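Close look at the chain arrangement
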Amino acid sequence: MSVAPEHTATLLPGKPVAEAILADVAERVARLKAASVQPSLATVLVGDDDASAGYIRIKQRQAEELGFVSPHRHLPADATQADLHRVIEDFNADAGVHGLLVQYPVPGHLDYDLALAAVDPDKDVDGMHPLNMGRLALGLPGPLPCTPAGIEALLAHYEIPVAGREVVILGRGATLGRPLSILLAQKRPTANAAVTVVHTGVPDWDRYTRRAEILIAAAGVPGIIQPEHVRPGAVVIGGGVRYEGRRLLPDVDESCATVAGAITPRVGGVGPTTVAMLFRNAVAAAERQTGRRSG
Ligand SMILES: NC(=O)c1ccc[n+]([C@@H]2O[C@H](COP(=O)([O-])OP(=O)(O)OC[C@H]3O[C@@H](n4cnc5c(N)ncnc54)[C@H](OP(=O)(O)O)[C@@H]3O)[C@@H](O)[C@H]2O)c1
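Rules of the game
- Residues numbered from 1 in each chain as written.
- Predicted model: local features only at pLDDT ≥ 70, side-chain atom pairs only at ≥ 80, totals over all residues.
- Heavy atoms only, no water.
- Phe/Tyr/Trp six-rings, centres within 6.5 Å; stacked < 30°, edge-to-face > 60°.
- Helix = DSSP H or I, 4+ residues; strand = E, 2+ residues; numbered from the N terminus.
- Buried < 20%, exposed > 50% of the residue type's maximum accessible area, 1.4 Å probe, protein only.
- Near = heavy atom within 4 Å.
- Areas by Shrake-Rupley, 256 points an atom, 1.4 Å probe, with all protein chains shown as cover.
- Nonpolar A, V, L, I, M, F, W, Y, C, P; charged D, E, K, R; others polar.
- Salt bridge = Lys/Arg side-chain N within 4 Å of Asp/Glu carboxyl O.
- Pairing = 2+ DSSP bridges.
- Expected span 1.5 Å × (residues − 1).
- Axes fitted to C-alpha atoms, helices over the stretch in contact; angles between N-to-C directions.
- Contact = heavy atoms within 4.5 Å.
- Polar contact = N/O pair within 3.5 Å; in protein donor to acceptor, adjacent residues only side chain to side chain.
- Right-handed = clockwise from strand over helix to strand, strands pointing away.

Moving on: the packing of aromatic side chains. Scanning all chains against the criterion turns up two aromatic pairs. Measuring from centroid to centroid gives 6.1 Å for Phe 68 and Phe 279, while their planes differ by 40 degrees, and the two rings are tilted. With a gap of 211 residues between them, Phe 68 in the loop between helix 2 (50-66) and strand 3 (72-75) and Phe 279 in helix 9 (residues 270-289) connect regions that are remote in the sequence. Each member of the pair, Phe 68 together with Phe 279, is buried. Plain terms: the ring middles of Tyr 104 and Tyr 112 are 4.9 Å apart, the flat faces sit at 75 degrees to each other, and that makes the pair edge-to-face. Overall, the relative accessible area of 54% leaves Tyr 104 in the exposed class. Judged by relative accessible area, Tyr 112 falls into the buried class, the value being 14%.

Listed below in C-alpha cells is the structure:
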C-alpha cells in the first residue's frame, strides 16, 4: 500500500528578497556618489558584548560593500548616558553623516529608548524613533521599522496577495507586532489587509490564528506556533525568535510546514530582509538630506 507523501509547504527564504533590496540600494548609492554625495551610515556600540560587536562588524562590512562610509564610535561598558548622548549629538550635528545606528542592547545601566529618542529622526535608520513611529501611525513618509518593512517586502517579493486578506499577528511588541499591524492595514497595494493582533490578553488566540490566511509570529516564544494553530494552506511568517547563546529558537515549529501552504525557513527567513531594510533606510536618509530623492 502506498502512503501519500507528507505535505511540505513552499519555503520563502529571505535572501533573494534582501538581495533585490540591496541591489536597489547599491544603485542608489552609486547615483549619489555620481552626484558627489558620499552616503554615510554611522554606528555606535557601547560595551564589550561579543554578539553586538559581531553584528556591528557585519553591518559595517555590508555598508562598505554597498558604498557607504561607516564612521564608528565604540564607548566603554561603563560609559554614562551623557557620554552616549554626546556621541549621538556629534553624529546628529555632522552633515556628512546621513544615517545613525545605536546597536541594541546597551549595558543595563543605560536607557536605550532615551538614546534612540536623542537620534535625529531623519537619521534614524531603524525607523524606531518615536517621531517615526508617529509618522507610521499617521501614514506620513519616513523611515519604516526594519523588521515589519522586511516582512511586507517578503510578501510582495513572493507575490503573496495581502490586500483584502485575513492577517493575524501573534504579538503586539513595539519592534514587530504593533508597527507591522499598522503597516499591513495601510491603504497600499502591498498591504490593505484585515489585520487582527493577538497577545497574552487573548488566551484563546488560536481561534484567530486558525482562520488566518497569513499568520505572522511575533511573540519571541520558541515553538509557540504548532501545526494545530495554522489554517491548512496558510502563509506562515516566522518573525519572533529567541536566542539561547548562539542557538536561534523560532516561534514557528518546523512541523508547521506540514500544514502551511508557504512558510519562512527556520533560519534565513525574516532576518536578512530586516538588515536589507536598514540599508534602504540609510540610502533614503542620504537622498532626503541632500535633496536627491530617487525615482
Ligand atoms: N527576525 C528578525 O529580524 C527580528 C527583528 C526584530 C525582532 N525580532 C523578534 O520579534 C519578536 C517580537 O519582538 P517585539 O520586541 O516586538 O516583542 P515583545 O515586546 O517581546 O512582545 C512580544 C509579544 O508577544 C506576546 N506574547 C508573548 N508570549 C505570548 C503568549 N504565550 N501568548 C500570546 N502572546 C504572547 C506578548 O503579549 P503581551 O503584549 O500581552 O505581553 C507581546 O505582545 C522577538 O522574538 C524578537 O526577537 C525578530
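Another aspect to go through is the site of the ligand. Lining the immediate surroundings of the ligand are 23 residues, of which Arg 172, Thr 175, Leu 176, Thr 200 and Val 241 lie closest. When the ligand is considered free in solution it has 940 Å² of accessible area, and contact with the protein chains removes 68% of it. Per-element tally for the shell around the ligand: the top contributor is helix 9, with three residues. Here the residues of the shell around the ligand sort into 10 nonpolar, 12 polar and one charged.

Turning our eyes to something else, we now look at the pattern of salt bridges. Tallied over the full model, the rule gives 11 salt bridges. We note a salt bridge from Asp 24 to Arg 28, for which the minimum N-O separation is 3.2 Å. Taken together, the residues span about one helical turn, with Asp 24 and Arg 28 both in helix 1 (residues 15-34) at a distance of four residues. For Arg 211, the salt bridge goes to Glu 166, with nearest N and O atoms at 2.6 Å. Here Glu 166 lies in strand 5 (residues 166-170) and Arg 211 lies in the loop between helix 8 (206-209) and strand 7 (214-217), a separation of 45 residues in the sequence. Look at Arg 211 and you get partly exposed, because its relative accessible area is 35%. What you see here is one network of salt bridges that share partners, running through Asp 24, Arg 28 and Glu 287.

Before going further, it helps to examine the sheet that holds strand 8 (residues 235-238). Across the sheet, six strands lie side by side as 1-11-8-7-5-6; this open sheet has parallel pairing. Edge positions in the sheet fall to strand 1 (10-11) and strand 6 (194-198), since each has one partner strand and no second. When strand 1 meets strand 11 (residues 262-263), the two strands line up parallel, connected through two bridges. Residue Leu 11 lies in a different strand from strand 11, and its bridge partner there is Ile 263.

The terminal C-alpha atoms of helix 9, which comprises 20 residues, lie 29 Å apart, in line with the 28 Å expected from a rise of 1.5 Å per residue. Taken across its 20 residues, helix 9 has 14 buried, putting it largely inside the fold. Gly 291 sits one or two residues past helix 9 and shows a positive phi near 65 degrees.

With that out of the way, let us pick up the sheet that holds strand 4 (residues 99-102). The strand order 3-2-4 describes an open sheet built from three strands, whose pairing is parallel. Both outer strands of the open sheet, strand 3 and strand 4, are each paired with one neighbouring strand and no more. Neighbouring strand axes in the sheet, compared pairwise and without regard to direction, differ in orientation by 10 degrees on average. Taken together, the four bridges between strand 2 (residues 41-46) and strand 3 define a ladder with parallel strand orientation. Bridge pairing in strand 3 places Thr 43 opposite His 72. Running at roughly 170 degrees to strand 2, helix 2 makes contact with strand 2, strand 3 and strand 4 of the sheet.

Take the side chain of Thr 264 next. Positionally, Thr 264 belongs in the loop between strand 11 and helix 9. There is a polar contact of 2.9 Å between the side chain of Thr 264 and the backbone nitrogen of Gly 238. Among residues more than four places away in sequence, those in contact with Thr 264 are Leu 11, Leu 12, Leu 154, Val 236, Ile 237, Gly 238 and Gly 269.

The buried count for strand 2 comes to six of six residues, which makes it a mostly enclosed element. Residues Leu 41, Thr 43 and Leu 45 line one face of strand 2 and the alternating positions Ala 42, Val 44 and Val 46 line the opposite face, and both faces are buried. Direction of pairing for strand 2 relative to strand 4: parallel, over a ladder of four bridges. Opposite Leu 41, over in strand 4, you have Gly 99 as the bridge partner. For the crossover that starts at strand 2, traverses helix 2 and ends in the parallel strand 3, the hand is right-handed.

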